[in-house]
Structure formats: structure tokens, C-alpha cells
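A look at the structure
Take a look at the letters that make up each chain.
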Amino acid sequence: KINAFLRKIRELCSKKSIQNVLLLIIIIILMITIIETTFYFLNKEGETQRIIRGSHKYVQFDQELGSKGIPNITTNRAIYFSNETIIYNVTYTLDEYGRRKNEHAEGPPLILFGGSYTFGEGVEDNETLNHRLTELTNYDIYNYGLPGCGTQHLLAHLEREGFYSEINKTGGKAIYIFIPNHIRRVIGNLYIHKKWYAGWTFPYYKLDKNLKLERKGNFKTGRPITTTIYQILARSQLIKYYDIDLPKHKEKHTYLTYKIIEKSKKIYEEKFDGTFYVLIHPLHNKDRNTLKLKELLQENNIKILEYNITNKNNYKEYRIKGDFHPNNKLNKELAEKIAPDINTKWIK
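A brief look at the structure comes next. It should be emphasised that the depicted structure is a prediction, and the values quoted were computed from it without experimental measurement.

An α-helical turn contains 3.6 residues, so a residue and the one three or four places further along point in the same direction. Relative to the 21 Å expected for 15 residues at 1.5 Å per residue, helix α13 (residues 328–342) spans 21 Å between its end C-alpha atoms, a close match to the ideal helical length. Within the sequence span of α13, burial applies to L330, N331, L334, A335, I338, A339 and I342. Contacts from the buried residues of α13 go to β6 (109–113), α4 (129–136), β8 (173–178), β11 (275–280) and β12 (303–306). Where α13 begins, one side-chain oxygen reaches toward the backbone nitrogen of K329, 3.2 Å away; that side chain belongs to N327.

It is worth spelling out the packing of aromatic side chains at this point. Applying the stated rule across the entire model yields 21 aromatic pairs. Measuring from centroid to centroid gives 6.1 Å for F163 and F272, while their planes differ by 75 degrees, and the two rings are edge-to-face. Within this pair, whereas F163 is found in the loop between α5 (151–159) and β8, its partner F272 is found in helix α11 (residues 251–272), the two being separated by 109 residues in sequence. We classify F272 as buried; its relative accessible area is 2%. Taking 5.2 Å as the distance between ring centres and 40 degrees as the angle between the ring planes, the aromatic pair formed by Y204 and F219 counts as tilted. Highlighted residues: Y204 in strand β9 (residues 203–207) and F219 in helix α8 (residues 219–222), separated in sequence by 15 residues. Accessibility expressed as a relative area gives 12% for Y204, which makes it buried. Of the residues examined, F219 reaches a relative accessible area of 0% and is grouped as buried. One cation-aromatic arrangement involves K271 over Y164; the distance from NZ or CZ to the ring centre is 5.4 Å.

Considering all chains together, one arrives at 18 salt bridges under this definition. Here D243 makes a salt bridge to K194, at a shortest N to O gap of 3.5 Å. In this pair, D243 is assigned in the loop between α10 (237–241) and α11 and K194 in helix α7 (residues 190–195), connecting sequence segments 49 residues apart. Its relative accessible area of 27% is what places K194 among the partly exposed residues.

Here is what the cut-offs are and how they apply
Residues numbered from 1 in each chain as written. Predicted model: local features only at pLDDT ≥ 70, side-chain atom pairs only at ≥ 80, totals over all residues. Heavy atoms only, no water. Helix = DSSP H or I, 4+ residues; strand = E, 2+ residues; numbered from the N terminus. Expected span 1.5 Å × (residues − 1). Buried < 20%, exposed > 50% of the residue type's maximum accessible area, 1.4 Å probe, protein only. Contact = heavy atoms within 4.5 Å. Polar contact = N/O pair within 3.5 Å; in protein donor to acceptor, adjacent residues only side chain to side chain. Phe/Tyr/Trp six-rings, centres within 6.5 Å; stacked < 30°, edge-to-face > 60°. Lys NZ or Arg CZ within 6 Å of the ring centre and 35° of its normal. Salt bridge = Lys/Arg side-chain N within 4 Å of Asp/Glu carboxyl O.

Written out as C-alpha cells, the structure is:
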């Protein structure tokens, strides 16, 4: 048996075998190149190019959070179509902790968490949800939303030591603004690596065998092989053309998202002695993954804020034209619905 094994090794290492292997590798590389080049031009043909202009950099890497707003900056964010049609051209002002800035009040704190919807992507400083709530209430509002952030950033904020000194108040409320895309960010799927170059920096949480939540660094440090594969696939033109996403959504992903919210609520209430809410954003309250999460929240007595838009066919009225983010009209109407529900004592 040993001699037979050694003979096999010699055969594999023969010059002819090496030539065959090299030839096979060259053929595979050529096939991949042809396929990717073909789909590159197919993608180009159907692509509506968006051009970013202005001093648009307002996010920096952060070891605990993955990304964080750059402190004390006022920056222009301008996005156009390639035909020079403007999508939006706005100004972002961030405070000393990299939060979307607004005027502070003497009332109790109202802390907002979420992604670009919370931050106010594509709208002016005086058109954000936090600014609209400042107009309608006496809450002292702190906006920790940032484009690309998801449910795990909510918990990552609450777990970091310096978070509480940034607010230095207790009581009040916290609102986490959920959209179903956040579930993708929680599991770190292929989509986030296609959408964000730095998706690997997102905080990585998982459930152990006892369903206990644990932090595993970020996606790159916590699961390096999977993340590297996703980073490679994310650059594939074929993947882009067919809009392939991995892994397929499962109920356990929604459950993981719920568990992150549950732990966040517990920490928030212990530290701030306030009331925690999940706002299901009205642009996405009919999504099946949203409905499943809502069911879990209700079963476990987590307070939900939910509002309907007048007519589903009118959703375009509430989005930035040429973009999917909420516009000033929606932020204004949403604030008018939230304000009386979170605490009528503080309504102006």
C-alpha cells in the first residue's frame, strides 16, 4: 500500500501532470476573465451612474463601532446622475461626537439609533427627523444614526464605556428605527460587502449553543474565511448582474436581530432608567421580515411605534426623487406622529 501511494505521488509530480494542471488553471482563469468581462459590459449598459461631488467624507473607522461620524465637521454631500440631473445637494453638520447636529434642550434625553434613515441621508440639517422632533418636543435629542449602521450598532453603542459620558443625562427615551435591511447587516451577508467597501468592520454578534448573545469582534476578525469569500464575490460582475445574495434569509436571522434588540433594551433601561422603543419605519412596515420581528417584539413586551403612510401608491411622495431615502415631508409627518406618543408631558 505504501509503495502504491508513493507511485501515485510520483505520477502526480511528473512533468506531464504538472503541465496538465497548469493548462487547466490557465483555462479556468481565461473562462472567468471572459465571463466577468461580458457581465461587466452588461452591467455598464444597464447602469444609471451616480456621481458623488463635494467634500463628502464624513465617516471614519472606529475600532468598537466599525464606523463613526467625523467630529465637528460641516460637509457638503452632493449626488448627481451621470446626465447632470441632481439627486440631492445638502449640508451635513456633525457635533463633537460625530452625531448629526441639532439644538439641545433642557428636557430629558431622547436618543435615536439606526442607519441612514435615522441620520437623515440626503436631507438638510433642518429636515432630519431629529430636527423635526426638536421642533415639536422639549426632549434633548441625540442622533446616533449613521449610514450603513444596523441593529448591532445599537448594541455596540450601549456596550461601549464612553457612550454614557456623551449624554450625561438619565431618564427620557430611546428609539431604535428599524428597516428590514438591518437584518442583512446583522448577519454580515454578501449584500453588505457589495454595498459598503468597509462592511467587514461592522460589529459581529452571534448566538452560542445556549442562545446567549456574544460579541465576536467585527466580521473580519470574528469569521475571517467567510468574510474574505464574500469580499471576493462582492466584486464579481456576474454576482452583480444577477443580484445574488448569500446566505438565503432564515428565521434565525430575524431571531438574532430580535435578541440584539432585547439585550440593547435591557442595557439601556439599566443605565438610563428610561423607556425603550422600536420604531418600525413606515416605508417598510409590510415587509414579511418586519412582520416576523414585530411578532417577536410583541411577544416579549418591547414597545413598538408604528405608523402608516396614507397610501402605498404614494410612497414616492415620501422618498428623495432618484433615491430611496425618506425626504423632508416624511420626516416632518413622522415626527408629528411620534411626538404625542412618546410623552405628551413634553409637547410644546
